[in-house]
Amino acid sequence: MKKVLSMALAAALMVGVLAGCGGNNSAGQSGGGSSAGAGSSAGASNPPSTEPDPVVINFPTAGESGALYAVGAAITNLWDTKIPYVSASSQASKGGIENLNLTSEGEAQVSIAISSNCLQCLNGTDSFEGYAYSDLKVIAGLYFNPNQVVVTEKSGITDLAGVKGKHFAVAAAGSSVEGECKNHFTAAGLNYPDDINCEYLEFKDAADMLQNGTIDGAWIMSGAPAAAVTQACTSGCKLLNVSDEIIAELQKTYPWYAPCTIPAGTYPGQDEDVQTSAIKMVMFCRGDLSEQAVYDLTKTFWENIDQLGEAQANLKGLTPEEALGQIQNLRKAIASYHFRYLNHDFRITATFGLSFAEEDTDFTALVNLADERMYHGKKNGKNTVVAG
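Residues numbered from 1 in each chain as written. Predicted model: local features only at pLDDT ≥ 70, side-chain atom pairs only at ≥ 80, totals over all residues. Heavy atoms only, no water.

Student: Any chance you could explain the overall build of the chain here in plain terms?
Tutor: Counting its regular elements, the chain contains 12 helices and 17 strands. Within the span of the chain, comprising 388 residues, buried residues form 54% of the whole. Sequence separation of 24 or more characterises 75% of the internal contacts of the chain that already satisfy a separation of 6 or more. Taken as a whole, the chain presents about 15,700 Å² of accessible surface, with 47% of it coming from carbon and sulfur. (Helix = DSSP H or I, 4+ residues; strand = E, 2+ residues; numbered from the N terminus. Buried < 20%, exposed > 50% of the residue type's maximum accessible area, 1.4 Å probe, protein only. Contact = heavy atoms within 4.5 Å. Areas by Shrake-Rupley, 256 points an atom, 1.4 Å probe, with all protein chains shown as cover.)

Next up, the structure:
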């Protein structure tokens, strides 16, 4: 029998991860605990058998040439086809930061962003300063989203520091991708943006300008292979490595970064593996989306993950069991992150309980098991994930 993660994990446990941070943030305390019994699923029972009211899901993604656009289209097509009362559609957007803003404003119900942006949105920091959305709920962890730094051969650029003084596309102003440029170029010793001739371009426009040689390089953050990178490499452009030293420097301040390899042959002319940095993508929703809807969205997603993987390569190979590793990474990121509220710096820790189930497992029992494991973790030192 196929093993799935029911709402006890995907719509509640990870919800508890972020919702727990929000609650502790305002209190300025550490040791916050979360579990499948927390957040929107507290006291949850088996989903009702009657047909729910119609639900409309607007799902912003990213630019049409990026992998997120295709990922969102595959997921919403699945939901729209498989869940009778759900009408789901995806739309192009400027990426993660806009997706989170649209969700917090009620213009979108479900979307995708890198985990760092989700944490910042929840707590009202960085690009979301003064605009925290404390009711953000995470449905599922997806794949690592790699940074891809593309340069022309004639530019002579061989590393990130070499971008100094060059015409370089940093994506849309204020976007999550521009934030990646700022973080990485700063780690490479540049003064961003003053040391670079920045061009604020969408991926497709950047690829066109790389192809005709009017810019020296571009930053693309997208699952590989990305159409914009393929287009550029077809014209003789190449990918830069992000060194171990820069990744280590990034991790001192931003623990969500991980090294990632883009295998040789992913793009035209790419004869060797390329190392870069990456951040986990997560799928999230508004807190006022009904428990029934989130349960069915999550259940349908995981039950059809193999089909989704065939339709979209970035979803291939995802399994519910990966949630344990994802939650461990998020726990570590929360514990090492320097939160700031009302001019006070503080740390937060989180404890999680995790439960898996077969398709016919009672939902209430699943929630209760995760809740028991969370309390066991709190009694035995906190800042842990208990899965068994």
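Student: Got a minute to help me understand the pairing of strand β11 (residues 258–262) in this structure?
Tutor: Looking along a regular strand, one sees the side chains alternate between the two faces of the sheet. Only one face of β11 is buried, namely the one carrying Ala258, Cys260 and Ile262, since none of Pro259 and Thr261 on the opposite face is buried. Where β11 lies against strand β12 (residues 274–285), 5 bridges are found, and the strand directions are antiparallel. Note that in β12 the partner of Pro259 across the bridge is Ser277. (Pairing = 2+ DSSP bridges.)

Student: Could you clarify how one ought to interpret the pattern of salt bridges in this entry?
Tutor: Oppositely charged side chains may form a pair once their charged atoms are brought near each other. Summed over the entire model, instances satisfying the criterion amount to 6 salt bridges. For Lys204, the salt bridge is made with Asp208, and the minimal N-O distance between the two is 3.0 Å. In this pair, Lys204 and Asp208 both sit in helix α6 (residues 203–212), 4 residues apart, roughly one turn of the helix. We classify Asp208 as partly exposed; its relative accessible area is 28%. Residue Glu303 pairs with Lys299 through a salt bridge whose shortest N-O separation is 2.8 Å. Of the two residues, Glu303 and Lys299 are both situated in helix α9 (residues 291–303); the distance of 4 residues between them amounts to about one turn of the helix. Looking at Glu303, the relative accessible area reads 23%, which means it is partly exposed. (Salt bridge = Lys/Arg side-chain N within 4 Å of Asp/Glu carboxyl O.)

Student: What should I look at first to understand the packing of aromatic side chains in this one?
Tutor: Where two aromatic rings form a pair, the distance of their centres and the angle of their planes describe that pair. Scanning all chains against the criterion turns up 7 aromatic pairs. Residues Phe168 and Phe185 carry aromatic rings whose centres are separated by 5.4 Å and whose planes lie at 85° to one another, so their mutual orientation is edge-to-face. Pair noted here: Phe168 is in strand β7 (residues 167–169) and Phe185 is in helix α5 (residues 176–187), with a separation of 17 residues, a long-range link. A residue is classified by how much of its surface remains accessible, and Phe168, at 0% relative accessible area, is buried. Taken together, the ring pairs in this structure connect Phe168, Phe185, Tyr192 and Trp219 into an aromatic cluster. (Phe/Tyr/Trp six-rings, centres within 6.5 Å; stacked < 30°, edge-to-face > 60°.)

Student: It is not clear to me how the side chain of Thr125 should be interpreted in this structure. Could you clarify?
Tutor: Considering the arrangement of structural elements, one finds Thr125 in the loop between α4 (115–123) and β6 (137–151). Separated by 3.0 Å, the side chains of Thr125 and Asp126 make a polar contact. (Polar contact = N/O pair within 3.5 Å; in protein donor to acceptor, adjacent residues only side chain to side chain.)

Student: I keep staring at the state of the cysteines and nothing clicks. Help me out?
Tutor: Simply put, disulfide is the name for a covalent bond between the sulfur atoms of two cysteines. This structure, assessed with the given rule, holds 0 disulfides. Here Cys121 stays free of any disulfide, with the sulfur of Cys118 as its closest cysteine sulfur at 7.3 Å. Judged by relative accessible area, Cys121 falls into the buried class, the value being 1%. Free of any disulfide, Cys233 has its nearest cysteine sulfur in Cys237, 6.5 Å distant. Under the relative-accessibility criterion, Cys233 is labelled buried at 7%. (Disulfide = S-S within 2.5 Å.)

Student: Just checking my understanding: could you explain the packing of helix α3 (residues 96–104) against α4 for this structure?
Tutor: The axes of two packed helices give the description: the angle between them and the distance between them. Orientation of α3 relative to α4, taken along the N-to-C sense of each, is 40°, at an axis distance of 10 Å. In terms of axis orientation, α3 runs oblique to α4. Considering only the axes of α3 and α4, their crossing is right-handed. Of the residues in α4, those in contact with Gly96, Ile97 and Leu100 of α3 are Asn117, Cys118 and Cys121. (Axes fitted to C-alpha atoms, helices over the stretch in contact; angles between N-to-C directions. Parallel < 35°, antiparallel > 145°, perpendicular 65-115°, else oblique. Left-handed = near helix turned anticlockwise from the far one by under 90°.)

Student: Can you help me understand the packing of α6 against helix α7 (residues 227–234) in this one?
Tutor: Taken N-terminus to C-terminus, the directions of α6 and α7 make an angle of 5°; their axes are 8 Å apart at the nearest point. The orientation of α6 relative to α7 falls into the category roughly parallel. Taken together, the residues of α7 that come into contact with α6 (itself represented by Phe203, Lys204, Ala207, Asp208, Leu210 and Gln211) are Ala228, Gln231 and Ala232.

Student: I'm lost on α9 in this one. Help?
Tutor: An α-helical segment advances 3.6 residues per turn. Residues three or four places apart therefore align on the same side. End to end, α9 covers 18 Å across 13 residues, agreeing with the expected 18 Å (1.5 Å per residue, within 8%). Across the 13 residues of α9, 10 count as buried, placing the element largely inside the fold. Among the residues of α9, Gln292, Ala293, Val294, Tyr295, Asp296, Leu297, Thr298, Thr300, Phe301 and Trp302 are the ones counted as buried. (Expected span 1.5 Å × (residues − 1).)

Student: Would you explain α4 in this entry?
Tutor: α4 sits mainly inside the fold: 9 of its 9 residues count as buried. For α4, the set of buried residues is Ser115, Ser116, Asn117, Cys118, Leu119, Gln120, Cys121, Leu122 and Asn123.

Student: Sorry, what's going on with unusual backbone geometry here?
Tutor: Cis geometry marks the peptide bond from Tyr192 to Pro193; its omega dihedral reads 0°. A cis amide bond links Ala224 with the next residue in sequence, Pro225, at an omega value of 5°. One can find Pro225 in the loop between β9 (217–221) and α7. Unlike most non-glycine residues, Asp126 shows phi in positive territory, near 55°. Here Asp126 lies in the loop between α4 and β6. A relative accessible area of 46% places Asp126 in the partly exposed class. Look at Asn383: it is not a glycine, yet its phi comes out positive at around 50°.

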